[in-house]
Amino acid sequence: MADEDVLVRVKKIVVDRLGVDEADVKLEASFKEDLDADSLDIVELVMELEDEFNLEISDEDAEKIQTVGDVVSYIENHKS
Amino acid sequence: MGLQNKVALVTGASRGIGHAIAIKLAKQGASIIVNYSGNKVRAEETASEIRSVGAEAFVWQCDISDESAVQEMIKQSIDHFGHLDIVVNNAGITRDGLLMRMKETDWDAVLNTNLKGVFLVTKAALRPMMRQKQGRIVNVASVVGILGNPGQANYVAAKAGVIGLTKATAREVASRGITVNAVAPGFIVTEMTDQLPEDVKSKMQSEIPLGKLGTPEDVAGVVLFLASDESKYMTGQTLSVDGGMAMQ
């Protein structure tokens, strides 16, 4: 079960950044397929997540991020 | 073309064209990060000149072909000034020689500084610029990157590469309010061009329609234009500042 707080904060950033409906930001939603994000959007998203959660996401890890759930589990596994 | 409250990083700012660019931007009110590689004394002199026109200067030594050093420079710059608005990728070196005699180390040295260095500085600077949703990147290419030049295969390849890199970067970040343009200086009086062989110099000079060599200030004026809001509807362009050598 995803951490509610992390999910809420991630959702807010995704909604702000991509201009999508909050209802569409589900754990299984793919940034590229479902949320219409291009690769530059994802780079920006990663930067904002780094700021919000005060962590550094390596380029290698960032490339693996495909869905909202990927982001949430990454943050849960790496937050200090 | 006021640059009040803007922060500009100028690589290779201790001497030549970079020095003139740093002073030109400072005179418009920009705070300047004076990057240099080897000449600390000259870099400090540039900083003193910047301060004497009432602008702020922050001197930072860094080999731009070293990614971690470049990232540290950008981090320190942001820590110092709080933001980064303009990057002028000016630093460059020459290792001239005929291609058939050119050492691999001379090829690598020039490509590493003149092309990879631009990539690394741009990559690091784009992070804060994307956050700010604005930025100006100005790359210093060269007329020889357009026309070619015997004895400078490495330099020509790097500078032609910079022109291509300028276009690719411009397309990638245009949607984020960041413009990326280049200047292509012609034959400019600097310590670097002083080193060219006499026959190359006289031949180049005879090919300048305006009939004389350019000055670092001639280049700096166009860089200022590309760094300012006056050029906000331009991106991916290379402006020749060469007395008419390469007309498009």
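Here the structure is a predicted model, which means the values were calculated and not measured.

**Q** In this structure, what is going on with the interface of chain B and chain A? I would like to understand it.
**A** Where interface size is given, it is often the accessible area lost as the parts come together that is meant. Of the residues lining the interface, nine residues belong to chain B; the matching set on chain A comes to ten residues. Summing both sides of the interface, chain B and chain A together bury roughly 770 Å²; the carbon and sulfur share of this comes to 43%. Its largest share of buried area at the contact with chain A, chain B owes to B:M130, B:R131 and B:R176, together 60% of the area lost on that side. Linking chain B to chain A there are six salt bridges. Notably, a salt bridge pairs A:D41 with B:R176, separated by 2.6 Å at the nearest N-O pair.

**Q** Explain the UniProt feature "domain: Ketoreductase" (unreviewed entry) in chain B to me, please; I cannot follow it from the model alone.
**A** In this structure's numbering, the residues bearing the UniProt feature "domain: Ketoreductase" (unreviewed entry) are residues 6–186 of chain B. Helix makes up 52% of residues 6–186 of chain B and strand 18%, whereas the separation of the span's terminal C-alpha atoms amounts to 28 Å.

**Q** What exactly am I supposed to notice about the layout of surface pockets here?
**A** Gaps between atoms show up when a probe of the same size as a water molecule is rolled over them. Roughly 1,600 Å³ of volume is contained in the largest pocket. For the largest pocket, the lining is made up of 45 residues, of which A:V43, A:M47, A:D59, B:K123 and B:R127 are closest to its centre. Residue assignment for the lining of the largest pocket shows that the elements contributing at least two residues are α2 (39–53) and α3 (59–64) of chain A together with α3 (67–81), α4 (104–132) and α6 (153–173) of chain B. Ranked by residues supplied to the lining of the largest pocket, first place goes to α4(B) with ten residues. Taken together, the residues of the lining of the largest pocket break down into 20 nonpolar, eleven polar and 14 charged. Of the pockets and cavities examined, the second largest pocket occupies roughly 860 Å³. As for the second largest pocket, its lining consists of 41 residues, of which B:N90, B:A91, B:G92, B:I93 and B:M192 are closest to the centre. Among the elements of the structure, α1 (16–27), β2 (31–36), α6 and α7 (191–194) of chain B are those that each provide at least two residues to the lining of the second largest pocket. Per-class residue counts for the lining of the second largest pocket are 18 nonpolar, 18 polar and five charged.

**Q** Hey, could you run me through the sheet that holds strand β7 (residues 238–241) of chain B in this one?
**A** Sheet strands associate in pairs through backbone hydrogen bonding, adopting either a parallel or an antiparallel arrangement. All names here are of chain B. Here we have seven strands laid out as an open sheet, ordered β3-β2-β1-β4-β5-β6-β7, and parallel in their pairing. This sheet does not close on itself; its edge strands, each paired only once, are β3 (57–61) and β7. Between one strand axis and the next, the sheet turns through 20 degrees on average, direction left out of account. Running at roughly 175 degrees to strand β1 (residues 7–10), α1 makes contact with β1, β2, β4 (86–89), β5 (135–140) and β6 (178–185) of the sheet. Here helix α2 (residues 40–52) sits on the sheet and contacts β2 and β3; the angle it forms with β2, its principal contact strand, is near 170 degrees.

**Q** In this structure, what is going on with the packing of aromatic side chains? I would like to understand it.
**A** Ring pairs (aromatic) are described by centroid distance and by the angle formed between their planes. Residue and element names in this part refer to chain B. With the rule as written, the count across this model stands at two aromatic pairs over all chains. Between the aromatic rings of F58 and W60, the centroid separation amounts to 5.9 Å while the plane-to-plane angle is 20 degrees, which identifies the pairing as stacked. According to the relative accessible area criterion, W60 is partly exposed, its value standing at 22%. Ring centres of F58 and F81 lie 6.1 Å apart, and the angle between their planes is 85 degrees; on these two criteria the pair is classed as edge-to-face. In this pair, F58 is assigned in strand β3 and F81 in helix α3, connecting sequence segments 23 residues apart. What makes F81 buried here is its relative accessible area of 14%.

**Q** Whenever I open this one, the pattern of salt bridges confuses me. Can you help?
**A** Oppositely charged side chains can pair when the atoms bearing their charge come close. Per the stated rule, a full pass over the model turns up 20 salt bridges over all chains. Measuring nitrogen to oxygen at the nearest pair gives 3.3 Å for the salt bridge that ties B:K133 to A:E44. In this pair, B:K133 is assigned in the loop between α4 and β5 and A:E44 in helix α2, connecting two distinct chains. On the basis of relative accessibility, which here comes to 38%, the residue B:K133 falls in the partly exposed class.

**Q** Could you clarify how one ought to interpret the environment of B:E56 in this entry?
**A** Relative to the helices and strands, B:E56 is located in the loop between α2 and β3. Overall, B:E56 belongs to the partly exposed group, its relative accessible area being 47%.

**Q** I would appreciate a short explanation of the confidence of the model for chain B in the present structure.
**A** Detailed reading of predicted coordinates is not advised where the pLDDT is low. Looking at chain B, the pLDDT average stands at 95 and 100% of residues meet or exceed 70. With pTM at 0.90, the complex prediction returns an ipTM value of 0.72.

**Q** Honestly, the packing of helix α1 (residues 4–18) of chain A against α2(A) in this entry has me stumped. Any pointers?
**A** Two measures define how a pair of helices packs: the angle their axes make with one another and the distance between the axes. All names here are of chain A. Where α1 contacts α2, the axes come no closer than 10 Å and their chain directions differ by 140 degrees. Here α1 is positioned oblique relative to α2, judged by the angle of their axes. Considering how the two elements wind past one another, α1 and α2 form a crossing that is right-handed. Here V6, R9, V10, I13, V14, R17 and L18 of α1 come into contact with α2, specifically with D41, E44, L45, E48, L49, E52 and F53.

**Q** Would you take a moment to explain unusual backbone geometry for this structure?
**A** The phi torsion of most residues other than glycine is negative, and most of the peptide bonds are trans. All names here are of chain A. Within the chain, D36 stands out as a residue other than glycine whose phi angle is a positive 60 degrees. With respect to the helices and strands, D36 occurs in the loop between α1 and α2. The phi dihedral of N54 is positive, around 55 degrees, even though this residue is not glycine. Tracing the backbone shows N54 in the loop between α2 and α3.

Criteria and cut-off values
- Residues numbered from 1 in each chain as written.
- Chains lettered and ligands numbered in written order.
- Predicted model: local features only at pLDDT ≥ 70, side-chain atom pairs only at ≥ 80, totals over all residues.
- Heavy atoms only, no water.
- Contact = heavy atoms within 4.5 Å.
- Buried area = accessible area lost by both parts, 1.4 Å probe.
- Salt bridge = Lys/Arg side-chain N within 4 Å of Asp/Glu carboxyl O.
- UniProt positions renumbered as here; feature names shortened; annotations may be inferred.
- Helix = DSSP H or I, 4+ residues; strand = E, 2+ residues; numbered from the N terminus.
- 1 Å grid on protein atoms, 1.4 Å probe; cavity = no way out; pocket = protein on both sides within 12 Å on 5 of 7 lines; lining within 4 Å.
- Points joined across faces, edges and corners; volume = space filled by probe spheres on them.
- Nonpolar A, V, L, I, M, F, W, Y, C, P; charged D, E, K, R; others polar.
- Pairing = 2+ DSSP bridges.
- Axes fitted to C-alpha atoms, helices over the stretch in contact; angles between N-to-C directions.
- Phe/Tyr/Trp six-rings, centres within 6.5 Å; stacked < 30°, edge-to-face > 60°.
- Buried < 20%, exposed > 50% of the residue type's maximum accessible area, 1.4 Å probe, protein only.
- pLDDT = per-residue confidence, 0-100.
- Parallel < 35°, antiparallel > 145°, perpendicular 65-115°, else oblique.
- Left-handed = near helix turned anticlockwise from the far one by under 90°.

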